[in-house]
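# Remarks on the overall topology
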Amino acid sequence: MTYTTLALTLIFVLIPLILSKTLNLGLEKDTLVATVRSIIQLLAVGYVLKFVFDADSYLYMFLMITLMIVAATLNARKKGKAIKGITWKIATTLIIVEVVTQSILLGLNIVPATAQYIIPISGMLIGNSMVLSILFLNRFTAEIEATKDSIELVLSLGGTSKQAIHMQLKSAIRASMIPTIESQKTIGLVQLPGMMSGQIIGGADPVVAVQFQILIIFALLTTAALSSILVGFLSYPTLFNDRLQYIENSTSK
Amino acid sequence: MSKNGAAIQFQDISLERGETLILKGITDTIYKGKITALVGPSGAGKTTLLKLCNGLISPTNGEIIVDQHPITEFEPTTLRRQVGIVLQNAPMIRGSVFDNLALPIKLQRSNLHTEEAISMLNNVGLDESFLTRDAYELSGGQKQKVAIARTLMNRPKILLLDEITSALDPVSKGEIEQLIRKINKEYGVTIIWITHNLQQAKDIGDFIWVMMKGQLVESGDKSIFEHTKNSKVQQFFEGKF
Ligand SMILES: Nc1ncnc2c1ncn2[C@@H]1O[C@H](COP(=O)(O)OP(=O)(O)O)[C@@H](O)[C@H]1O
Ligand SMILES: [Mg+2]
C-alpha cells in the first residue's frame, strides 16, 4: 500500500466527522484527536519495531517490553488510585504475566525466540492483562462499596480480613474473566480476530494464521486468570489494618 | 463494686473522624454479669461505642480494658468472638437462614449441625421451617431474630445489642427480652443493650447509660430516671429529643 492510497482511507474519518456535525453529536474534536494520535503513535511504533527487528538485539527487545509494561501500568492504576501501592501491584502482575507466558512459549519452543514473535505477542498479552486489571479493579471496588455491611459483619463475628473480603474477591475475579471466556465462544463466527485478519491480509496461509490465533486465545485465558487473581490478592490486604479493621475510603477517594 | 467486677472499662475514650469528635472523654465501667441499657438521641455515638468494644474501630485516644486486659492485647478474632455484637439493621449474608447461622462456625473452619441450628432458632422464637428460607427475603423483625441467633453461635462472654427489637412486634419483643434475660442469668453473660425505647431500658437494665453528642452524660442504676441532675437528660427522658 502506498501512502497515497493510505491517505484515501481518511474518508473513513470524514464520514463520522460529517455525521457528528450534522447530528450535533459533538464528537468532532475527539474524533480528530483520536485520528491524529493513532497516526502518530502507530507510525512511531512501526519505525521503532523496524529498528528493533533490524537490530536483532535482546537489549532493545527488553527495553521495548519494559516500556509496554510501564505504559500499561500507568494506564491501569488510575482505576485503583485509592488502593495503597497499586502501581507496584499492577506492575508486578504484568511482569509475572509476561514472564510466565513467555517462559512457556519460548521454553517449550512454541514460537521462535525472535523479536518478530516476542514483541507482538507480549504486546497483546500485556494489553489484555492491563484491561483485565482495570475490569477487576472496577468491579472489586464497586462490589466492596455495595457490601460494606457484610464485610463488617464477617469481621464482627471473628472472621479474618480474607474471610471478610472473600465473596467480593471471588465475584470480581469471576466477573472480570467472563468477557474473555465469552468472547472466545463466538470467535471466528461473528468477527475474525484482528491479528488473524492482519496476517491473512499480509498474505499468510489462513491455516497458519488460525494456528497463531489459537495460541493467542489460549495464552489470553492464562493472562486473564493470572491478572485478576494477582491484582486481587495483592490489593485486598491493604484494605485492612493490623487490627483487622476495614480502612474507610481505602478503595474510593 | 470492686475492680474485678469490671467487664469493660473505658478510660478517657475519644474518637475523631476528620474534623469531628464522635466520642469525647468517655470514662466508666460496665459491670460483669449485668445488663447495661445504653440510651440517647440518634447520632449520640451509641453504635460507635459498641463497635469499639467489639474491636471494629479503635479509639483515637484512651484505653479500653476488657476482662482486666487492654483491648489491644487480644487477637482481634478472639476478642470479637468473646465480645459478640448484634449489629444495627441486622445485615444478612447472601444465602439461607442456615448459611447465616453457620457463618460464625464456618469462620472457624468448622460445620454447624442442623440440630444446633434448629435449637438456636427456637431460642429466638423461629421454627425450623426458617432454616431454608432466603435470608434476604425475611422481614425486618425476622432478620433481627436471625442476627441474634447468629451472634449467640459464638457463645460470647459479653454481648453487645444494637437496637435489636426496633422492628419487632410487642409479642416478639417480649420473647427476645426474656431470652436475653435468660442468657444473662443462666450463663452470666454481660450485656450492653442500645435501645431507643426508654420503657425497655427501664425494664431490662440493671444500669442505665445516657449518651449525648459523643459524651456519656449520665450513668447509674434505674433511679436516674427519677432524679437526674442533668437538665438535658431530664428533657431527653421527657421525650423532648
Ligand atoms: N465511619 C464514620 N465516619 C464519620 N462519621 C461517622 C462514622 N460513623 C458514625 N459517624 C458519625 O458519628 C456520630 C455517631 O454515630 P452513631 O454511633 O451511629 O450514633 P447512634 O448509634 O447513637 O445513633 C454520627 O454523627 C455519625 O454521623
Ligand atoms: Mg446507632
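Residues numbered from 1 in each chain as written. Chains lettered and ligands numbered in written order. Predicted model: local features only at pLDDT ≥ 70, side-chain atom pairs only at ≥ 80, totals over all residues. Heavy atoms only, no water.

Turning our attention to the confidence of the model for chain B. Of all residues in chain B, 98% have pLDDT values of 70 or greater, and the mean over the chain is 95. Under the prediction, the complex receives an ipTM of 0.96, its pTM being 0.89. (pLDDT = per-residue confidence, 0-100.)

Let us now look at unusual backbone geometry. Residue A:N24 is not a glycine yet carries a positive backbone phi of 60°. The phi angle at B:A90 is positive, at roughly 45°, despite the residue not being glycine. Tracing the backbone shows B:A90 in the loop between β6 (83-86) and α3 (97-106). Note on B:A90: relative accessible area 3%, which makes it buried. (Helix = DSSP H or I, 4+ residues; strand = E, 2+ residues; numbered from the N terminus. Buried < 20%, exposed > 50% of the residue type's maximum accessible area, 1.4 Å probe, protein only.)

A separate point is the pairing of strand β8 (residues 190-194) of chain B. All names here are of chain B. Most of β8 is tucked away: five of the five residues are buried. Of the two faces of β8, the one holding T190, I192 and I194 and the one holding I191 and W193 are both buried throughout. In this structure, strand β3 (residues 35-39) lies alongside β8, joined through four bridges in parallel fashion. Each bridged residue has a counterpart across the sheet, and for L38 the counterpart in β8 is I194. Where strand β7 (residues 158-162) lies against β8, five bridges are found, and the strand directions are parallel. (Pairing = 2+ DSSP bridges.)

This part covers the interface of chain A and chain B. Every contact between the two is made by 19 residues of chain A and, on the other side, 26 residues of chain B. For the chain A and chain B pair, buried surface summed over both sides reaches about 1900 Å², with 57% attributable to carbon and sulfur atoms. The largest contributions to the chain A side of the interface with chain B come from A:L153, A:L157 and A:R243, which together make up 35% of the buried area. For the pair chain A and chain B, the interface holds two salt bridges. Between B:R94 and A:E143 there is a salt bridge, and its shortest N-O distance comes to 3.9 Å. Applying the counting rule to chain A against chain B returns twelve residue pairs in polar contact (both at pLDDT 80 or more). Elements represented by at least two residues in the side of chain A that touches chain B include exactly α7 (148-156) and α8 (161-185) of chain A. (Contact = heavy atoms within 4.5 Å. Buried area = accessible area lost by both parts, 1.4 Å probe. Salt bridge = Lys/Arg side-chain N within 4 Å of Asp/Glu carboxyl O. Polar contact = N/O pair within 3.5 Å; in protein donor to acceptor, adjacent residues only side chain to side chain.)

It is worth spelling out the site of ligand 1 at this point. Residue and element names in this part refer to chain B. With respect to spatial proximity, the complete set of residues near ligand 1 consists of R17, I22, P41, S42, G43, A44, G45, K46, T47 and T48. Contact distances for ligand 1 include 3.0 Å between an oxygen atom and a backbone N or O atom of G45. Contacts to ligand 1 include K46, whose side-chain N or O atom sits 2.9 Å from an oxygen atom. If ligand 1 stood free it would expose 570 Å²; the protein chains cover 59% of that surface. The dominant element in the shell around ligand 1, judged by the number of residues it contributes, is helix α1 (residues 46-53), at three residues. Classifying every residue of the shell around ligand 1 by side-chain character gives three nonpolar, five polar and two charged. (Near = heavy atom within 4 Å. Areas by Shrake-Rupley, 256 points an atom, 1.4 Å probe, with all protein chains shown as cover. Nonpolar A, V, L, I, M, F, W, Y, C, P; charged D, E, K, R; others polar.)

Residue and element names in this part refer to chain B. The end-to-end C-alpha distance of helix α6 (residues 170-187) is 25 Å, a good match for the 26 Å that 18 residues give at a rise of 1.5 Å each. Taken together, the buried positions of α6 are S172, I176, E177, L179, I180, I183 and N184. Within α6, the buried residues cover an arc of 160° as seen down the axis, which keeps them to one side. The outward face of α6, more than 90 degrees from its buried face, is lined by the exposed residues P170, V171, Q178, K185 and E186. Check the buried side of α6 and you find it contacts β3, α4 (114-123), α5 (140-152), β7, β8 and α7 (198-204). Sitting at the head of α6, D169 places a side-chain oxygen 3.1 Å from the backbone nitrogen of V171. Within two residues after α6, G188 carries a phi angle of roughly 65°, on the positive side. (Expected span 1.5 Å × (residues − 1). Arc of directions from axis to C-beta.)

Here we take up the packing of aromatic side chains. All names here are of chain B. In the structure shown here, the tally under the stated rule is nine aromatic pairs over all chains. Plain terms: the ring middles of Y31 and F207 are 5.4 Å apart, the flat faces sit at 45° to each other, and that makes the pair tilted. Placement of the pair is Y31 in strand β2 (residues 20-31) and F207 in strand β9 (residues 207-212), with a sequence separation of 176 residues. Ring centres of F236 and F237 lie 6.2 Å apart, and the angle between their planes is 40°; this geometry places the pair in the tilted category. For F236, a relative accessible area of 9% translates into the label buried. (Phe/Tyr/Trp six-rings, centres within 6.5 Å; stacked < 30°, edge-to-face > 60°.)

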